Amino acid sequence: MKYFSTRGDPTPLRFCDILLEGLAPDGGLYLPERYPQVDAPTLERWRGLPYADLAFEILSLYIDDIPPEDLRRLVRATYTEAVFGTPQITPLVPLAGLGGGVAPVSLLGLSNGPTLAFKDMAMQLLGALFEYELGRRAQALNILGATSGDTGSAAEYAMRGKRGIRVFMLSPHGRMSPFQQAQMFSLQDANIHNIAVEGVFDDCQDIVKAVSADLDFKRRWRIGTVNSINWARLLAQVVYYFAGWFQATADRPGQQARVSFAVPSGNFGNICAGHVARRMGLPIERLVLATNENAVLDEFFRTGRYRVRTSAETHETSSPSMDISKASNFERFVFDLVGRDGARTASLFRDALGRDGEFSVTPAEFARIGAEGFVSGHSTHADRLRTIRQVRDACGVLVDPHTADGVKVALEQLQPGVPMLVLETALPAKFADTLVEAIGGQPPRPAGLDGIEALPKRFRVMKPDVQAVKQLIAQEAAP
Ligand SMILES: *Cc1c(COP(=O)(O)O)cnc(C)c1O
C-alpha cells in the first residue's frame, strides 16, 4: 500500500515512512492510495474474531512493511482485557428506553482504557508501533505535545516506559481538572516529563509550534508529535466501527444489515475513521456528526461552507475536548469528497483558507455529502445536562458530556429500524463537575482510581519560554 499527500505531491510513501511524520511536506495529510474493499463473505469470516485479531485483519490491509507475525504480536499485546477492562474491548451497551420505538439505540464503549477516554484506543497501538519501528531503526524520538487534558494523558499512558521514546508534555498550570492533572502528574516513569506552563493552553501550543518550526533543533533532537492527524491513529480507530457493527448485527448474521453511528466530534479524527470504514464497504447507513457550541463542522455539513473560527470566537464549553476552531483531519474527508483531486484540495485548504479563512464547496460537491452518509447537529450546555439526566432516567446509565452531545444529536437522526450506535468518547468520572451539575451527585470512579489526587506528583512548573523548554529537552535527551 502506498500513501500520498492530500495536496497532490506525487511522492509515494510506505506506512512506516509516515508513521513517525506529521504533515506532508506540501502541507497536506497522508492517505492511502485506495481503500481496500471488504466484501460480504470476508465480513462474515471476521465475525466472531477477538478484537485484536480483527484489528490485525484490518491493519494488515494497510500495512505491508511490518512482517505479519510482528504486527499480530503488537496488536495482541495492545488490545487486552487487562488494559481495556472487558474481553470485547469495545462493548456495546443497549440504551433500551431511548429511541421511542423507532430504532434501537446503544453506546459503543470506547473509554475503558487507562485514561478513560477513547483516545486510548489509538494511542495505545501508536505506542507499540513507535517502539517497534524506532527499535528497527535504532533511533530515539522526543515527543513534544501540548494538552488541555485527554490527548496528553492518553499519550503519556501509551508511551510510558517505552524504549527509545521520551515525552515532553506541556499543559496550562492549574487549569486542568484535578483528576486530569493527577492522571498525568502521578506517572513516575523516567521517560515522561510533565511541564506545567504558567499560561493558557494556547501558550503551550505556541511553544510546541515554535520549537517545531526550528528545523535544526527539530532534526538534532529528533522531535516528533502524536497529534490527531497521524494516519496510524486514524487507522486504529477504523477497527471499532467494524467491532461495533458485528455486535449490533449479531442477531442478523449474513444480512449486511445497515447501522448508523453518532460521533461526538472535534478534530474530525474519530468520524473520519467511520468514513474510511464506510468506504471499505462496512454497511453504514448514517454517520451522524455531533458538535458542541463550536459548530464549525455542523455548519459545513448543513451549508457546504467551512469557516475557521478565531480564538476569540472559540467557546470554552462543558465538552472541552470538542472545543476546536478548525478541524485538523477535515482535509482528508474533503479530498475524498472532491474526487481525490489534490489540486482542488490544495486550492481550498492552502489558498482559500489561507486567504479568506473560509471556503465553500460547489453545489455538485455538496450534493455528494448525503451519498457519503453524513448528517450533523450540535448541542448546548443545557442540552447536555438534559441529555445526561434523560439517559440516566430512561436507562440507568451515566454518560459524560461529550457522549451526551452524541446522544442528543443521534436521537434527532433516528431512522425506523436502523440501529444507532453512539460512540462513548469518555467516562463520566473524567468530567465530574458537569455530572454534579446535571444529576446532583458524583459519578462513580472505575476501580483503582479512588484517591488518585493524593498520589505523589512528578512535574515542573515553567514560564512560557521557548528557550527554556528547548534547554530542558536538550538536557534530558543528551546521550
Ligand atoms: C478528542 C475527543 C473528542 C473529539 O474527537 P475528534 O477525533 O477530535 O473528532 C470527543 N470526545 C472526547 C472525550 C475526546 O477526548
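Note: the structure precedes this text.
First things first, this report covers the structure right here in the doc. Keep in mind the model is a prediction, meaning the values are calculated, not measured. (Residues numbered from 1 in each chain as written. Predicted model: local features only at pLDDT ≥ 70, side-chain atom pairs only at ≥ 80, totals over all residues. Heavy atoms only, no water.)

Observations regarding the overall build of the protein chain
When its secondary structure is counted, the protein chain shows 20 helices and 15 strands. Computed over its C-alpha atoms, the radius of gyration of the protein chain comes to 21 Å, within 12% of the 23 Å expected for a compact globule of 479 residues. For the C-alpha atoms alone, the extent of the protein chain along its principal axes is close to 60 × 55 × 50 Å. Out of the 479 residues in the protein chain, the part that is buried amounts to 57%. For the protein chain, contacts bridging at least 24 residues in sequence account for 76% of all contacts bridging at least 6. (Helix = DSSP H or I, 4+ residues; strand = E, 2+ residues; numbered from the N terminus. Rg over C-alpha atoms; globule rule 2.2 N^0.38 Å. Buried < 20%, exposed > 50% of the residue type's maximum accessible area, 1.4 Å probe, protein only. Contact = heavy atoms within 4.5 Å.)

What about the sheet that holds strand β6 (residues 165–172)?
Working definition: the strands of a sheet are paired by backbone hydrogen bonds and lie parallel or antiparallel to each other. Strands sit in the order β8-β5-β6-β7-β15 across an open sheet of five strands; the sheet is parallel. Lying at the two open borders of the sheet, with one neighbouring strand each, are β8 (223–224) and β15 (460–462). For β6 and strand β7 (residues 192–197), the ladder comprises six bridges, and the chain directions are parallel. The residue of β7 that forms the bridge with Val 167 is Ile 192. Contacts from helix α7 (residues 150–159) reach β5 (141–146), β6 and β7, with the element oriented near 160° to β6. Against the sheet, helix α9 (residues 201–213) engages β5, β6 and β7, with an angle of about 145° to β5. (Pairing = 2+ DSSP bridges. Axes fitted to C-alpha atoms, helices over the stretch in contact; angles between N-to-C directions.)

Focus on the packing of aromatic side chains
Summed over the entire model, instances satisfying the criterion amount to 27 aromatic pairs. Among the aromatic side chains, those forming a connected cluster through ring pairs are Phe 268, Phe 300, Phe 301, Tyr 306, Phe 330, Phe 333, Phe 349, Phe 359 and Phe 374. Its guanidinium or amino end placed over the ring of Phe 56, Arg 72 lies 4.0 Å from that ring's centre, counting from NZ or CZ. Stacked on the ring of Tyr 35, the Lys or Arg Arg 340 has its end atom at 4.9 Å from the ring centre. (Phe/Tyr/Trp six-rings, centres within 6.5 Å; stacked < 30°, edge-to-face > 60°. Lys NZ or Arg CZ within 6 Å of the ring centre and 35° of its normal.)

Section: the sheet that holds strand β10 (residues 284–291)
Pairing in this open sheet of six strands is mixed, and the strands run β3-β4-β14-β9-β10-β13 from one edge to the other. Looking along the sheet, the strands with just one partner apiece sit at the ends: β3 (92–94) and β13 (374–378). Averaged over all neighbouring strand pairs, the angle between strand axes comes to 25°, with direction disregarded. Here five bridges tie strand β9 (residues 259–264) to β10, and the two strands are oriented parallel to one another. In the sheet register, Val 263 faces β10, and the bridge partner there is Leu 289. Of the strands in this sheet, β9, β10, β13 and β14 (420–424) touch helix α12 (residues 269–279), which is tilted by about 170° from β10.

Observations regarding the environment of Glu 299
Tracing the sequence through the fold places Glu 299 in helix α13 (residues 296–303). Each C-alpha atom of the pair Glu 299 and Gly 377 lies 8.6 Å from the other, and the pair is 78 residues apart in sequence. Residues within four places of Glu 299 in sequence aside, it is in contact with Gly 304, Arg 305, Arg 307 and Arg 309.

Observations regarding the pattern of salt bridges
Applying the stated rule across the entire model yields 33 salt bridges. Glu 412 is the salt-bridge partner of Lys 408, the closest N and O atoms lying 2.6 Å from each other. A residue pair is termed a helical-turn pair when its members lie 3 or 4 positions apart in one helix, as Lys 408 and Glu 412 do in helix α18 (residues 401–412) at four residues. Judged by relative accessible area, which is 45%, Glu 412 ranks as partly exposed. Several salt bridges share partner residues, and in doing so they unite Glu 299, Arg 305, Arg 309 and Glu 358 into one network. (Salt bridge = Lys/Arg side-chain N within 4 Å of Asp/Glu carboxyl O.)

Digging into helix α20 (residues 466–477)
Between the first and last C-alpha of α20 there are 16 Å, a value that for twelve residues agrees with the 16 Å anticipated at 1.5 Å per step. For α20, every residue scored as buried is listed here: Val 469, Lys 470, Leu 472, Ile 473, Ala 474 and Ala 477. Near the N-terminus of α20, the side chain that reaches the backbone nitrogen of Gln 467, with its oxygen 2.9 Å away, is that of Asp 465. (Expected span 1.5 Å × (residues − 1). Polar contact = N/O pair within 3.5 Å; in protein donor to acceptor, adjacent residues only side chain to side chain.)

Digging into the environment of Ser 228
Within the secondary structure layout, Ser 228 lies in the loop between β8 and α11 (231–248). With 203 residues separating them along the chain, Ser 228 and Pro 25 place their C-alpha atoms 17 Å apart. In contact with Ser 228, not counting residues within four places along its chain, are Arg 233, Asn 267, Ser 328 and Asn 329. Within the structure, the side chain of Ser 228 is placed 3.4 Å from the side chain of Ser 328, a separation counted as a polar contact.

Re the site of the ligand
Taken together, 15 residues sit near the ligand, with Lys 119, Asp 150, Gly 266, Asn 267 and Asn 270 positioned nearest. One of the side-chain N or O atoms of Lys 119 is found 2.5 Å from an oxygen atom in the ligand. Here the ligand has 380 Å² of accessible area as a free molecule, and 97% of this is covered by the chains. (Near = heavy atom within 4 Å. Areas by Shrake-Rupley, 256 points an atom, 1.4 Å probe, with all protein chains shown as cover.)

Considering unusual backbone geometry
You will see that Arg 222, though not glycine, has its phi angle at about 50°, which is positive. As for its placement among the helices and strands, Arg 222 is situated in the loop between α10 (215–220) and β8. Look at Arg 340: it is not a glycine, yet its phi comes out positive at around 55°. Mapped onto the elements of the fold, Arg 340 is located in the loop between α14 (330–337) and α15 (342–356). When its relative accessible area of 26% is taken as the criterion, Arg 340 is described as partly exposed.

Some details on the packing of helix α17 (residues 381–395) against α18
With their axes 9 Å apart at the nearest point, α17 and α18 run at an angle of 85° to one another. With respect to each other, α17 and α18 are oriented roughly perpendicular. Facing Asp 383, Arg 384, Arg 386, Thr 387, Ile 388, Gln 390 and Val 391 of α17, the residues of α18 in contact are Pro 401, Ala 404, Asp 405, Val 407, Lys 408 and Leu 411. A breakdown of the residues in the contact of α17 with α18 according to their chemical character gives six nonpolar, two polar and five charged. (Parallel < 35°, antiparallel > 145°, perpendicular 65-115°, else oblique. Nonpolar A, V, L, I, M, F, W, Y, C, P; charged D, E, K, R; others polar.)

A few points about helix α8 (residues 178–185)
Most of α8 sits inside the fold, with seven of its eight residues counted as buried. Those residues of α8 that fall on the buried side of the exposure criterion are Phe 179, Gln 180, Gln 181, Ala 182, Gln 183, Met 184 and Phe 185. At its buried positions, α8 is contacted by α7, β6 and β7.

A closer look at the nonpolar core
Tyr 79, Tyr 241, Phe 242, Phe 268 and Phe 330 are the most contacted members of the largest nonpolar core, which totals 111 residues. In terms of residue count, α11 provides more of this core than any other element does, 14 residues in total. The contact partners of Tyr 241, leaving out residues within four places of it in the chain, are Phe 261, Val 263, Asn 270, Ile 271, Ala 273, Gly 274, Ala 277, Leu 282, Ile 284, Leu 287 and Leu 423. Counting 23 residues, the second largest nonpolar core, distinct from the first, contains Leu 95, Leu 385, Met 420 and Val 422. (Core = buried A, V, L, I, M, F, W, Y, C linked by side-chain atoms within 4.5 Å.)

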